[in-house]
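What follows is each chain in one-letter form.
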Amino acid sequence: MTAQATYEFKAEIKQLLDILVHSLYTEREIFLRELVSNASDALDKLRITAAAPKSSGAGEGETDEANETDDAPLEIRIEADKDAKTLTIADNGIGMTEAELVENIGTIAHSGSASFLRALKESGGPNGQTADGIIGRFGVGFYSVYMVAQSVRITTRSHREDAQPVEWISDGQGSYTIRELTGTEALAVPRGTKIELTLKDDQAAEFTEPDDLRQVIRKHSNFIGFPILVGGERANTVPALWREPKFQITKDQYKEFYTFLTYDHDEPLDTLHLSVDAPVQFNALCFIPKKSKDFMGFDREDWGLDLYVRRVLIQRQNKDLIPQHLMFVRGVVDTEDLPLNISRETLQDNLLIRKINTTLAKQVLAHLAKMAEDKDRYAEFWREHSRVFKAGYMDFANREAFAGLLRFNSSSSADAGELVSFDDYISRAKPDQKKIYFAYGPSREALKLNPHLEIFRKKGVEVLYLFEPIDEFVMDALRAHKDFALTPAEMAKPEDLASLPDVDAANATDNADQAAPEMDALDALFARFKTVLGDAVTEVRASARLTGSPCCLMNPDGHTTSSMDKIMRSMSHDNSVPKKVLELNPKHELIRNLAALNQADPADPFVEQAARQLFESALLLEGYLTDPHALVGRIQDLLAKSSGWYAKAK
Ligand code: ADP
């Protein structure tokens, strides 16, 4: 067939073109992405065909003769002519035969334009976003060219040996012409496809400037695997490393890519290069930066992974691809399982994206577990990213793995820098110890002096130190690790620890060897304290947990820790001072003296003063004393008196 033939587009296609041109894409420049992707696919197809061993069973005429003589590099060339208002996109890929051209370009989408329009109607009409969502399921990318072109000419020559070049022309208004090229016309057409756009007058300025075109290419098609030359100059400069086999990539290449992605010129702390086939196909190249971007809560929105479909950027910083507590991970995900023109609306709540998210979460945790084998490196990670990471306590599916990655400073650490895992703790636990104890405090120094921890120090039982409010939520949510219950130290039952031998009896700084006063004298002292303090405390009782301090406060309910209580109160703007149990240490010298004084004179004012002083000191330690005046006044009064006694004694 040499004659020119004119074909009408099917009726639905006319409507469809109208929708496409007027309401589909918000960014007109997208047409270039579509054409470049088609060209890249055509080059890929050629490469695959050329690489495939020729099947001996192939029928006659079916043999794919990849143009072996033509060993010009596979590439995409874009040329613009400002004066002629034309733009040309050419590839030396697989090309099309006349039949293929009619089938692929003449008929919209193999999935069928009729069903496309039906879906469109059902969704409420050809209205911007809705249409955009549906279009993702149909291959109509080529037609986006009519957003900017008033007419399009395609010339193409299939890679097949006997293929005649063909020309296709259409203004996108309802018909197209197609003819086989012969003679000199045919000789001028090399293997591959050339698409020439005559731009609409108002689009010409925007799409004929090579620098602008290169920018559009870099924005949407930077990682296309073949060179894209605009006016002879390569526009896509960075290879899509994530699609390359790991062993071929050097450290420098990873670093270069990381810098390209994050603008961070430092090396990444770690690199995670994945190729996953099930339950969903995707490649990912992810990095853990050395420095957290989360300092002081800045840049809270600056996270997410860039989503690519077959090397084409679909969305930057997609936040559905990875859980928020792994927001420190930077990188790209590329999947073949999504259509190229999927819309952002369709991406949200997309099952496939969720599957990638779950798979990635698992992979990142497994990767961190490996990284943790190198303590120093993991400490570096922990220092920077743990604040974000700890929010993972809400990820129930990965709880075990998450818990294994937690690190704490502890009473057994040599210094503030030494980190301890739950497993470290368990490996050092006392023979019958079935609990992991922890305590919250503002600093290591404060915790070392915390009265609640005295018995732990005495018995040599390790206590994990928590310094950040979120740590409490983590412990509260996890409840246990392996079969060790996570237990706040202040909630520990003294009897659980009492039977353990003391660590270092000789060096004990406590009053353990002192005899407690008679029960009567003690009970009377407790009663006196309660009368003095009134409703400020719920109860005054003897403590079995104190060794060095005279007193401490306990939460009456027995399950909320004082720090959690404080967090809850500050969240509900409650400034009142909670009512607590005051525990006194009967073996402490001060308490013994007070018991004796009280026994001798149940109205002794010194006992009353001491009761208030001890209570307020305990409040001060817990951070609840808002007005220190009375406390300070009393201290000065006591100092005045004691200095008098001291002077006399001297
Ligand atoms: P999609 O790419 O989503 O299939 P398009 O409308 O963009 O939809 O393209 C339709 C078909 O036309 C492609 O699947 C391909 O077979 C063919 N095609 C488009 N551009 C080229 C090209 N440059 N070279 C070879 N074939 C092409």
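Rules used throughout
Residues numbered from 1 in each chain as written. Predicted model: local features only at pLDDT ≥ 70, side-chain atom pairs only at ≥ 80, totals over all residues. Heavy atoms only, no water. Helix = DSSP H or I, 4+ residues; strand = E, 2+ residues; numbered from the N terminus. Buried < 20%, exposed > 50% of the residue type's maximum accessible area, 1.4 Å probe, protein only. Contact = heavy atoms within 4.5 Å. Near = heavy atom within 4 Å. Polar contact = N/O pair within 3.5 Å; in protein donor to acceptor, adjacent residues only side chain to side chain. Areas by Shrake-Rupley, 256 points an atom, 1.4 Å probe, with all protein chains shown as cover. Nonpolar A, V, L, I, M, F, W, Y, C, P; charged D, E, K, R; others polar. Arc of directions from axis to C-beta. Axes fitted to C-alpha atoms, helices over the stretch in contact; angles between N-to-C directions. Parallel < 35°, antiparallel > 145°, perpendicular 65-115°, else oblique. Left-handed = near helix turned anticlockwise from the far one by under 90°. Pairing = 2+ DSSP bridges. Salt bridge = Lys/Arg side-chain N within 4 Å of Asp/Glu carboxyl O. Phe/Tyr/Trp six-rings, centres within 6.5 Å; stacked < 30°, edge-to-face > 60°. Lys NZ or Arg CZ within 6 Å of the ring centre and 35° of its normal.

**Brief notes about the overall build of the protein chain**
Helix and strand counts for the protein chain stand at 23 helices and 22 strands. Counting every position in the protein chain, which comprises 650 residues, the buried fraction comes to 49%. Of the contacts made within the protein chain by residues no fewer than 6 positions apart, 71% connect residues no fewer than 24 positions apart.

**Focus: the site of the ligand**
In the vicinity of the ligand lie 13 residues, with Asn38, Asp91, Asn104, Phe142 and Thr193 positioned nearest. The separation between an oxygen atom of the ligand and a polar side-chain atom of Asn38 is 2.7 Å. About the coverage of the ligand: the protein hides 81% of its 540 Å² of free accessible area. Within the residue set of the shell around the ligand, elements represented by two or more residues are α2 (30-51) and α3 (98-106). Sorting elements by how many residues they give to the shell around the ligand places α2 first, with four residues. Among the residues forming the shell around the ligand, the class breakdown is six nonpolar, five polar and two charged.

**A word on helix α8 (residues 210-221)**
Since the α-helix turns once every 3.6 residues, residues separated by three or four places project in the same direction. Every buried residue belonging to α8 is among Leu213, Arg214, Val216, Ile217, His220 and Ser221, and all of these are buried. With its buried residues spanning 160° around the axis, α8 presents them on a single face.

**Points about the packing of helix α22 (residues 605-622) against helix α23 (residues 629-649)**
Packing of α22 against α23 leaves a shortest axis separation of 10 Å and a crossing angle of 130°. In terms of axis orientation, α22 runs oblique to α23. Between α22 and α23 lies a crossing whose hand is left-handed. Of α23, the residues touching α22 (which contributes Phe606, Gln609, Arg612, Gln613, Glu616, Ser617 and Leu620) are Ala630, Leu631, Arg634, Ile635, Asp637, Leu638, Lys641 and Trp645. When its residues are assigned to classes, the contact of α22 with α23 shows seven nonpolar, three polar and five charged.

**Digging into the pairing of strand β4 (residues 149-157)**
Here β4 runs beside strand β7 (residues 192-199); their pairing, made up of eight bridges, is antiparallel. Looking at β7, one finds that Ile154 is bridged to Ile195.

**Some thoughts on the sheet that holds strand β22 (residues 580-584)**
In spatial order, the strands read β20-β22-β21; together these three strands make up an open sheet with mixed pairing. Looking at which strands have only one partner, the edges of the open sheet turn out to be β20 (537-542) and β21 (551-554). Averaged over all adjacent pairs, the angle separating strand axes in this sheet is 25°, with direction ignored. Summarising the sheet, β21 and β22 pair through four bridges and their orientation is antiparallel. What sits directly across from Leu553, in β22, is Leu582. With respect to the sheet, helix α19 (residues 519-533) is in contact with β20 and β22, its orientation differing from that of β20 by roughly 160°.

**Some details on unusual backbone geometry**
For the bond from Ala278 to Pro279, the omega torsion is 5°, close enough to zero to count as cis. Position of Pro279 relative to the elements: it lies in the loop between β10 (270-276) and β11 (282-288). The backbone of Arg311 shows a phi angle near 75°, a positive value even though the residue is not glycine. Position of Arg311 among the secondary structure elements: in the loop between β12 (305-309) and β13 (312-318). Here Gln317, not a glycine, exhibits a phi torsion of approximately 45°, which is positive.

**Concerning the pattern of salt bridges**
When the charged atoms of two side chains with opposite charge come close together, those side chains can pair. A full pass over the atoms with the stated rule returns 38 salt bridges. With a closest N to O distance of 3.0 Å, Arg179 and Glu185 form a salt bridge. The class for Glu185 is partly exposed, based on a relative accessible area of 36%. For Arg541, the salt bridge goes to Glu583, with nearest N and O atoms at 2.9 Å. Taken together, the residues span a long stretch of sequence, with Arg541 in strand β20 and Glu583 in strand β22 at a distance of 42 residues. A residue is classified by how much of its surface remains accessible, and Arg541, at 28% relative accessible area, is partly exposed. For Glu583, a relative accessible area of 3% gives the class buried. Each of Arg153, Glu167, Arg179, Glu185 and Glu196 takes part in salt bridges that share partners, so that together they form one network.

**Regarding the pairing of β22**
In terms of burial, β22 is largely enclosed, as five of its five residues are buried. Note: β20 against β22, five bridges, orientation parallel. Counterpart to Val537 in the pairing with β22 is Lys580.

**What about the side chain of Ser563?**
Among the structural elements, Ser563 can be located in helix α20 (residues 562-571). Contact partners of Ser563, with chain neighbours within four places excluded, come to Tyr440 and Glu472.

**Here we look at the packing of aromatic side chains**
Tallied over the full model, the rule gives 23 aromatic pairs. Plain terms: the ring middles of Phe223 and Trp242 are 4.7 Å apart, the flat faces sit at 70° to each other, and that makes the pair edge-to-face. Separated by 19 residues along the polypeptide, Phe223 in the loop between α8 and β8 (228-230) and Trp242 in the loop between β9 (233-234) and α9 (251-262) bring together distant segments of the chain. Across the pair, Trp242 and Phe223 agree in class, each one buried. An aromatic cluster of three or more residues is present, and its members are Phe223, Trp242, Phe257, Tyr258, Phe260, Phe287 and Tyr308. Its end group placed over the ring of Tyr624, Lys566 keeps NZ or CZ at 5.1 Å from the ring centre.

**Structural notes on the environment of Val329**
Among the secondary structure elements, Val329 is positioned in the loop between β13 and β14 (330-335). The class of Val329 is buried, set by a relative accessible area of 2%. Along the backbone, Val329 and Leu285 are 44 residues apart, and their C-alpha atoms lie at a distance of 9.9 Å. If we ignore the near neighbours within four places in the chain, the residues touching Val329 are Cys286, Phe287, Leu305, Ile322 and Val364.

**Details of the sheet that holds strand β16 (residues 435-440)**
Either a parallel or an antiparallel arrangement is found when strands of a sheet pair, and the pairing is made through backbone hydrogen bonds. Taking strand neighbours across the sheet as the criterion, the five strands line up as β15-β17-β16-β19-β18 in an open arrangement whose pairing is mixed. Since the sheet does not close on itself, it has two edges, and those belong to β15 (409-410) and β18 (480-481), each with one partner. Where β16 and strand β17 (residues 463-466) come together, four bridges link them in parallel fashion. Bridging across to β17, Tyr437 finds its partner in Val463.

Distances and angles like these do not, on their own, reveal function.
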